[in-house]
Amino acid sequence: MSSSNLTMWVSSTKPDLDPLSSRASISSPLRNPSSSTHHHRSSLAVRCGLRELRERISSVKNTQKITEAMKLVAAAKVRRAQEAVVSGRPFSETLVEVLYSINEQLTTEDVDVPLTAVRPVKKIALVVITGDRGLCGGFNNQILKKAEARIADLKSLGVDYTIISVGRKGNSYFARRPYIPVDRFLEGGTLPTTKEAQAIADDVFSLFVSEEVDKVELMYTKFVSLVKSDPVIHTLLPLSPKGEICDINGNCVDAAEDELFRLTTKEGKLTVERDTVRTPTPSFSPILQFEQDPVQILDALLPLYLNSQILRALQESLASELAARMSAMSNATDNANELKKTLSMAYNRERQAKITGEILEIVAGANALT
């Protein structure tokens, strides 16, 4: 065997012992088969050159800064969203008491109020409220799955339906499914306003009064806490005689208490403190007399109440989305921190191996010269 062939044979059979070689750590067939699978997978995930490790550590640090900033922004917006819900509660509760008082006066009269008319349900309008952006965990998927389940129930009952989609995520979801009938696509905003709620209320009002649909159900994500939100289905029309909003089983779902969140710092880190509050509302006098006809007052207040309930659902959905985004960004920040520690350990291990190899080469060269 010639010397050149011998050199080629040795180089093809000798394993690469360079600790910085990514080929040796990833694709070498001569690795010790007795090593554990977990250690093998972890080494495959982080074994690369020092330059690549430095770039990955820098990238993870930048990602951690972004997710931390998004977490703080979402936390601040959750506070504002909850304050919007609480500030609108006195108006909503007082309006309920006014409607209840007027309905009591009309119990002995034969009055036709369109929004309280109960008809045999042949077609239902589903108002599905989703978010406009992602990076919020399973927030949008939960409400869309709830809508799909409700659609399946209506199909099994033989009831026709149509969708009023609110939010970009829901719009794109239903646009990719042409077999689902959609009456209208609407986009939400960064902060719900009465103008956006009025656009939804006008569409719902025209569908119900024209008897195109016999029932309107509102589907949104109800805010419970920073780590919990529940997709709910509420009956929006026909309205309850007491002015209450009920679920599909007829149970009143008006919330009695709200949770407020205060951002504080403890030991140099951001913390969130939770308070449970109930907003007091002034009592409505039962002996109050109305100058106008109660029917005229009721016709004016019912659309107003419809608008307030839709606005409240938009605010609840926004608070749930922001809380989900805050939780998702918090988890992403923690994962980035753990990944940074793992990469730093791998970087130090590779750097130590490189320094040790260089020292061994210097010592071997010195011994060869002596």
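First things first, this report covers the structure right here in the doc. (Residues numbered from 1 in each chain as written. Predicted model: local features only at pLDDT ≥ 70, side-chain atom pairs only at ≥ 80, totals over all residues. Heavy atoms only, no water.)

Turning next to the overall build of the protein chain. For the protein chain, the helix and strand inventory stands at eight helices and eight strands. Split into buried and exposed, the 370 residues of the protein chain put 39% on the buried side. Contacts spanning at least 24 positions in sequence make up 69% of the contacts within the protein chain whose residues lie at least 6 apart. Carbon together with sulfur atoms contributes 54% to the accessible area of the protein chain, which is approximately 21400 Å² in total. (Helix = DSSP H or I, 4+ residues; strand = E, 2+ residues; numbered from the N terminus. Buried < 20%, exposed > 50% of the residue type's maximum accessible area, 1.4 Å probe, protein only. Contact = heavy atoms within 4.5 Å. Areas by Shrake-Rupley, 256 points an atom, 1.4 Å probe, with all protein chains shown as cover.)

With respect to the element layout, Glu-148 can be found in helix 5 (residues 139-157). Judged by relative accessible area, Glu-148 falls into the partly exposed class, the value being 26%. In this structure, the C-alpha to C-alpha distance between Glu-148 and Ile-180, residues 32 residues apart in sequence, is 9.9 Å.

A cis amide bond links Leu-237 with the next residue in sequence, Pro-238, at an omega value of 0°. Along the chain, Pro-238 turns up in the loop between strand 5 (228-237) and strand 6 (246-247). Its identity as a non-glycine residue notwithstanding, Leu-135 has a phi of 55°, on the positive side. Structurally, the position occupied by Leu-135 is in the loop between strand 1 (123-129) and helix 5. Its identity is not glycine, yet Glu-211 carries a phi of approximately 65°, on the positive side. Residue classification places Glu-211 among the exposed positions, given a relative accessible area of 54%.

Attention now moves to the side chain of Ser-308. The topology assignment puts Ser-308 in helix 8 (residues 294-369). Within the local environment of Ser-308, its side chain forms a polar contact with the backbone oxygen of Tyr-305, the two atoms lying 2.7 Å apart. In this view, Ser-308 contacts Phe-91 and Leu-95; residues no more than four positions away in its chain are not counted. (Polar contact = N/O pair within 3.5 Å; in protein donor to acceptor, adjacent residues only side chain to side chain.)

In this structure the tally under the stated criterion is five salt bridges. Of the charged contacts, one joins Asp-214 and Arg-119 as a salt bridge, the two residues approaching to 3.1 Å between their closest N and O atoms. Placement of the pair is Asp-214 in the loop between helix 7 (194-209) and strand 4 (215-225) and Arg-119 in the loop between helix 4 (50-105) and strand 1, with a sequence separation of 95 residues. You'll find Asp-214 and Arg-119 in the same group, each marked buried. In this structure, the salt-bridge partner of Glu-217 is Lys-215, at a minimum N-O distance of 3.3 Å. Since its relative accessible area comes to 0%, Glu-217 is described here as buried. On the basis of relative accessibility, which here comes to 15%, the residue Lys-215 falls in the buried class. Salt bridges here are not isolated pairs; linked through shared partners, they connect Arg-150, Lys-215 and Glu-217. (Salt bridge = Lys/Arg side-chain N within 4 Å of Asp/Glu carboxyl O.)

Attention shifts here to helix 6 (residues 168-175). Along helix 6, the positions that sit buried rather than exposed are Gly-170, Asn-171, Tyr-173 and Phe-174. An end-on view of helix 6 places all buried positions within 165° of arc, on one side of the element. If you follow the buried residues of helix 6, they end up packed against strand 1, helix 5, strand 2 (160-166) and strand 3 (182-186). (Arc of directions from axis to C-beta.)

Quick look at the packing of aromatic side chains now. Taken as a whole, this structure holds one aromatic pair when the rule is applied. Look at Tyr-173 and Phe-174: their rings are 5.3 Å apart centre to centre, the planes differ by 85°, and that puts the pair in the edge-to-face class. Tyr-173 gets classed as buried once you look at its relative accessible area, which sits at 15%. The class of Phe-174 is buried, set by a relative accessible area of 2%. (Phe/Tyr/Trp six-rings, centres within 6.5 Å; stacked < 30°, edge-to-face > 60°.)

What describes two packed helices is the angle between their axes and the distance between those same axes. Running from N to C, helix 7 and helix 8 point in directions that differ by 120°, and their axes come no closer than 8 Å. Relative to helix 8, the element helix 7 lies oblique. When the axes of helix 7 and helix 8 are compared, the crossing they make is right-handed. The residues of helix 8 that touch helix 7, namely those facing Thr-194, Ala-197, Gln-198, Ile-200, Ala-201 and Phe-205, are Pro-303, Leu-306, Asn-307, Ile-310, Leu-311 and Leu-314. Here the contact of helix 7 with helix 8 is built from residues that sort into nine nonpolar, three polar and no charged. (Axes fitted to C-alpha atoms, helices over the stretch in contact; angles between N-to-C directions. Parallel < 35°, antiparallel > 145°, perpendicular 65-115°, else oblique. Left-handed = near helix turned anticlockwise from the far one by under 90°. Nonpolar A, V, L, I, M, F, W, Y, C, P; charged D, E, K, R; others polar.)

Among the nonpolar cores identified, the biggest contains 37 residues, and Val-127, Ile-129, Ile-200, Val-204, Val-216, Leu-237 and Ile-310 are the most heavily contacted of them. Among the secondary structure elements, those contributing two or more residues to this core are helix 4, strand 1, strand 2, helix 7, strand 4, strand 5 and helix 8. The element contributing the most residues to this core is helix 8, with 10 residues. Setting aside residues up to four positions removed in sequence, Val-216 forms contacts with Ala-125, Val-127, Val-204, Phe-208, His-234, Thr-235, Leu-236 and Leu-237. (Core = buried A, V, L, I, M, F, W, Y, C linked by side-chain atoms within 4.5 Å.)

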